[in-house]
Amino acid sequence: MNIIRPNIPDNHSLLLKEIADDLLFQQEGDRLSAAATRLYSLCSSATGLDESSINTVDLSETRLPNGNVISPKDAARCVLDYSRTSKFLRGIHAAIVEAQKRFPNTTLEILYAGCGPFAPLALPLTTRFSSSELQFTLLDIHKRSLDAAQRIFQAFGLTGFVRDYIHGDATSYVHHSPLHVIITETMQRALEKESQVAITFNLAPQLHQGGIFIPEKISVDACFYNPSTEFSRSDISRKVDRTRISLGQIGVNPKNET
C-alpha cells in the first residue's frame, strides 16, 4: 500500500478531530478505512516511521518469556486495520464515559500498555476530552516506539495529556498508584504469540475498585475455515459470509473467568 505522507498542517487539531469523529461514529467501511489511513499518515509524518522504513530498530521485534512484541513498524501498521482500530476506540471512549460516572470529579489515570509508536488508542481521544479529565501513562518495551509516541504528542501540542512515558515490560510493570482505566491491545494471531494474557494478569490487579480494563473479555474461536472467504473485505455495517466449522470457544478476562 502506498501511503501519502502529508506535512503536519497548522490545523492538525481540526484534522485529528475529523479523524477521531469518523473512527468513533462512522459506520461505512470506506470512511473508516480512509480515517485510519489519514491517522497513519499524520503520525508517520510526525515520526518518520512508515512503510519505507528500513531502519533495523523499526523492523526488530522483541522476544520475551511470555511472548513476542511486534516491531515498531508492524505496530504502526496496526492502525490501518480500521475495523479493529475503530472498535477499540469506541470501547475505550465508552469506558472513559463510564469511568467518569464511577469516579466523579476525578482526573482519570489511564495506562496504555503497548502503546506502539503512534498510540492510536489514546491520541484521537484527546479531541473528545480535556487533560484535566484524563491523563495517559504510555508504556512500551521498544524505546523507538515510546520516543515516537512522545514526539507525536509534542508535535501536536498535546503533552498535557501524558503523565509519563515508561520504557518497560508490561508483563512485570507496577504502577505507582491504582488506575482507573487500563488499555492493552497485544493479541495478534489469537493470543498465540503476543503477551496479552500475561499483561492482563499483571495489570488487572492494579485497577481501582470499579476500574475498567480494556478489553474486559477476550474470546477465541477455534475453527476450520476457508481462506478464500475468511479474509474478504468487511466492515461494521456489512457482514461477509464465511465458511467455518466451529471447534469451540476459549475465553479469558481480567477476573480470571473462563
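Nothing here was measured: the structure is a model prediction, and the numbers come from that model.

## Regarding the sheet that holds strand β3 (residues 108–113)
Remark on secondary structure: sheet strands pair via backbone hydrogen bonds, oriented parallel or antiparallel.
Consideration 1: Read across the open sheet, the 5 strands follow the order β5-β4-β3-β6-β7; overall the sheet is parallel. Every other strand in the sheet has two partners, leaving β5 (162–167) and β7 (207–214) as the edge strands with one partner each. Averaged over all pairs of adjacent strands, the angle between their axes in this sheet comes to 20 degrees, without regard to strand direction.
Consideration 2: Both strand β6 (residues 179–184) and β7 contribute to a ladder of 4 bridges, which runs parallel. Each bridged residue has a counterpart across the sheet, and for I183 the counterpart in β7 is I214.
Consideration 3: Its contacts with the sheet put helix α6 (residues 143–155) on β4 (134–140) and β5, and the angle it makes with β5 is roughly 160 degrees.

## Here's the deal with the side chain of S86
Consideration 1: Among the secondary structure elements, S86 is positioned in helix α5 (residues 82–102).
Consideration 2: Note on S86: relative accessible area 0%, which makes it buried.
Consideration 3: A distance of 2.9 Å separates the side chain of S86 from the backbone oxygen of Y82, its partner in a polar contact.

## Re the packing of helix α2 (residues 29–47) against α5
Consideration 1: Interaxial distance between α2 and α5 falls to 9 Å at its minimum, and their mutual angle equals 85 degrees. Taken together, the axis directions place α2 and α5 in an arrangement best described as roughly perpendicular. Residues G29, L32, S33 and A36 of α2 lie in contact with α5, whose contacting residues are Y82, S86 and R90.
Consideration 2: In terms of residue class, the contact of α2 with α5 is made up of 3 nonpolar, 3 polar and 1 charged.

## Here's the deal with a nonpolar patch on the surface
Consideration 1: On the surface, F224, I245 and L247 cluster together to form a nonpolar patch covering roughly 340 Å² of accessible area.
Consideration 2: With respect to the helices and strands, L247 occurs in strand β9 (residues 244–252).
Consideration 3: By relative accessible area, which is 53% here, L247 ends up exposed.

## Observations concerning helix α1 (residues 12–25)
Each α-helix turn comprises 3.6 residues. Residues three or four places apart therefore point the same way.
Consideration 1: The terminal C-alpha atoms of α1, which comprises 14 residues, lie 20 Å apart, in line with the 20 Å expected from a rise of 1.5 Å per residue.
Consideration 2: Looking at α1, one finds that the buried residues are H12, L15, L16, I19, A20, D22, L23 and L24.
Consideration 3: In this fold, the buried residues of α1 make contact with α2, α5 and α6.

## What to know about the side chain of H175
Consideration 1: Inspection of the secondary structure puts H175 in the loop between β5 and β6.
Consideration 2: On the basis of relative accessibility, which here comes to 8%, the residue H175 falls in the buried class.
Consideration 3: Within polar-contact distance, the side chain of H175 engages the side chain of H176 at 3.5 Å.
Consideration 4: Residues contacting H175, with those up to four places away along its chain left out, are T137 and Q206.

What counts and what doesn't
Think of each chain on its own: its residues are numbered from 1, step by step along the sequence as written. The predicted origin of the model limits local features to residues at a pLDDT of at least 70 and limits the giving and counting of side-chain atom pairs to 80 or more, whereas totals for whole chains, interfaces and linings rest on all residues. The side-chain quantities take in all heavy atoms of the structure and omit both hydrogens and water. Two strands pair if DSSP finds at least two bridges between them. Numbering of helices and strands runs from the N terminus, with a helix taken as a DSSP run of H or I at least four residues long and a strand as a DSSP run of E at least two residues long. Every axis corresponds to a line fitted to the C-alpha atoms, with the helix fit spanning only the stretch in contact, and the corresponding angles, defined between N-to-C directions, vary from 0 to 180 degrees. When checking whether two residues touch, look at their non-hydrogen atoms; a contact exists if any pair is within 4.5 Å. Note on classification: 1.4 Å probe, protein chains only; a residue is buried when its accessible area is under 20% of the maximum for its type, exposed when over 50%, partly exposed between these limits. Definition of a polar contact: a pair of N or O atoms within 3.5 Å, with one able to donate and the other able to accept a hydrogen when the atoms are protein atoms, and with sequence-neighbouring residues admitted only if both atoms are side-chain atoms. We call two directions roughly parallel when the angle between them is under 35 degrees, roughly antiparallel when it is over 145, roughly perpendicular when it lies between 65 and 115, and oblique otherwise. Note on residue classes: Ala, Val, Leu, Ile, Met, Phe, Trp, Tyr, Cys and Pro are nonpolar, Asp, Glu, Lys and Arg are charged, and everything else, Gly too, is polar. Note that patches include only residues with greater than 30% relative accessible area and no salt bridge, and the join distances are 9 Å for like charges and 5 Å for nonpolar side chains (Val, Leu, Ile, Met, Phe, Trp, Tyr). Note that accessible areas follow from Shrake-Rupley with a 1.4 Å probe, and for residues the cover is restricted to the protein chains shown. Here a salt bridge means any side-chain nitrogen of Lys or Arg lying within 4 Å of a carboxyl oxygen belonging to Asp or Glu. Helices are assigned an expected span. That span is 1.5 Å times one less than the residue count.

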